[in-house]
Amino acid sequence: MTRPVILSCAITGSVHTPSMSPHLPVTAREIARSAIDAAAAGAAILHLHARNPVDGRPTPDVDAYAAFLPEILASTNAVVNLTTGGGQTMSLDERLQAPMAFVPEMCSLNMGSMNFGLFQMAERPRDWAHDWEVRHLTGSSGVIFRNTFDDIARVITEMGHQRGARFEFECYDAGHIRTLAHFRDRGMVAGPLFVQFVLGILGGMDATVENLVFLKQTADRLLGDSYEFSVAAAGRAQFPLTTVAATMGGNVRVGLEDNLYLGPGKLAESNAALVGRSVEILERLNLTIATPDEARARLGLKGR
């Protein structure tokens, strides 16, 4: 029988900027409300970043997380998944501040260093509300997102071994799956592994069905039956690729971190709208949606 689909929602991220959509959550209140509503709409996992409440720039500041996490934890049973990716220009020490302070049951973990091109987003004419936005986007052409083998080992040790978190292993390319297999073979991680194929980022693999199938075949070969996979696809590819993933027996990630639009030219007014659309698609495919506790059991999470 097909298992229920684990639906993750990436609430705000560090890619998009406030001028791109008035619906992108920025303040603590907006992030909390958006996450709670996404959970009510069907998201079992909430993937969380923080932003400066004044100008919306990504921040690793512990106080920024502390301003919204208690409300989310008090208002929903969803799995809280804190980023260890943070933002391109943050050091690993900065990226680990909030996860180490709040000891969540899940963290994201990018499985390699990579180019992460956002500069094309700055080419679209718009009225920019903040000076940092254009610099953030155009500056990505000269920045490498760093996660070396030593960095990955440190995150696994400090968040996994010492604090009991499990991981959303973000794989943007086939080599990232090989890196994950390497850490599995070293005995540093063990199944069930939750592998997030992230497609459509400039510097990673294109968001195509062919690439998704290739990544799934690679994971099958390298990881065997010790993993579950999910798909996050950027922009307009979000719903087509996550739908294909679900029909392949996988799980789904949506959210304003990855995609701002509900349809052509129509901005999504909330994360809950994106989750609701995904739930509608999955139910039309006769698939069911996993509860947070079902996700915890399948992924071996420690719980709250």
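The structure under discussion appears in the preceding block.
Remember, it's a predicted structure, so these values are computed and weren't measured experimentally. (Residues numbered from 1 in each chain as written. Predicted model: local features only at pLDDT ≥ 70, side-chain atom pairs only at ≥ 80, totals over all residues. Heavy atoms only, no water.)

Quick notes on the packing of aromatic side chains
Counting across every chain of the model gives 5 aromatic pairs. For the ring pair Phe116 and Tyr172, a centre distance of 5.7 Å and an interplane angle of 70 degrees mean the geometry is edge-to-face. Residue Phe116 is found in the loop between strand S7 (114–115) and helix H5 (131–138), and its partner Tyr172 is found in the loop between strand S9 (166–171) and helix H7 (174–185); the two are separated by 56 residues along the sequence. Taken as a pair, Phe116 and Tyr172 share a single burial class, namely buried. (Phe/Tyr/Trp six-rings, centres within 6.5 Å; stacked < 30°, edge-to-face > 60°. Helix = DSSP H or I, 4+ residues; strand = E, 2+ residues; numbered from the N terminus. Buried < 20%, exposed > 50% of the residue type's maximum accessible area, 1.4 Å probe, protein only.)

Some details on the nonpolar core
Formed by 47 residues in total, the largest nonpolar core has its most connected members in Ile11, Leu46, Leu48, Phe68, Ile72 and Val275. Among the elements that make up this core, the one with the highest residue count is helix H1 (residues 28–41) (6 residues). Every residue in contact with Ile11, bar those within four places of it in the chain, is listed here: Pro25, Ile31, Ser34, Ala35, Ala38, Leu46, His47, Leu48, Leu256, Glu257 and Asn271. Membership of the second largest hydrophobic core comes to 38 residues, among which are Met111, Ala174, Leu180 and Phe229. (Core = buried A, V, L, I, M, F, W, Y, C linked by side-chain atoms within 4.5 Å. Contact = heavy atoms within 4.5 Å.)

Considerations on the state of the cysteines
Scanning all chains against the criterion turns up 0 disulfides. Note on Cys9: no disulfide assigned, nearest cysteine sulfur contributed by Cys107 at a separation of 18 Å. Residue classification places Cys9 among the buried residues on the basis of a relative accessible area of 0%. Cysteine Cys171 shares no disulfide, and the gap to the nearest cysteine sulfur, in Cys107, comes to 16 Å. (Disulfide = S-S within 2.5 Å.)

Here's the deal with the packing of H1 against helix H10 (residues 271–284)
Running from amino to carboxyl end, H1 crosses H10 at an angle of 15 degrees, the nearest separation of the two axes being 8 Å. Looking at the two axes, H1 sits roughly parallel to H10. The chirality of how H1 crosses H10 is right-handed. Within the contact between the two elements, H1 uses Ser34, Asp37, Ala38 and Ala41 and H10 uses Asn271, Ala272, Val275, Gly276 and Val279. Partitioning the contact of H1 with H10 into residue classes produces 5 nonpolar, 3 polar and 1 charged. (Axes fitted to C-alpha atoms, helices over the stretch in contact; angles between N-to-C directions. Parallel < 35°, antiparallel > 145°, perpendicular 65-115°, else oblique. Left-handed = near helix turned anticlockwise from the far one by under 90°. Nonpolar A, V, L, I, M, F, W, Y, C, P; charged D, E, K, R; others polar.)

Some details on the environment of Thr247
Mapping Thr247 onto the fold places it in helix H9 (residues 238–247). Exposure remark for Thr247: the relative accessible area of 53% places this residue in the exposed category. Sequence separation between Thr247 and Leu282 is 35 residues; the distance between their C-alpha atoms is 8.9 Å. Within the local environment of Thr247, its side chain forms a polar contact with the backbone oxygen of Val244, the two atoms lying 2.7 Å apart. (Polar contact = N/O pair within 3.5 Å; in protein donor to acceptor, adjacent residues only side chain to side chain.)

Focus on the sheet that holds strand S5 (residues 79–82)
Spatially, the 8 strands close up into a barrel ordered S1-S2-S5-S6-S9-S10-S11-S12, and their pairing is parallel. The average angle at which neighbouring strand axes cross in this sheet is 25 degrees, direction not considered. With 2 bridges connecting them, strand S11 (residues 227–233) and strand S12 (residues 251–254) associate as parallel partners. Its bridge partner lying in S12, Val231 is registered against Val252. (Pairing = 2+ DSSP bridges.)

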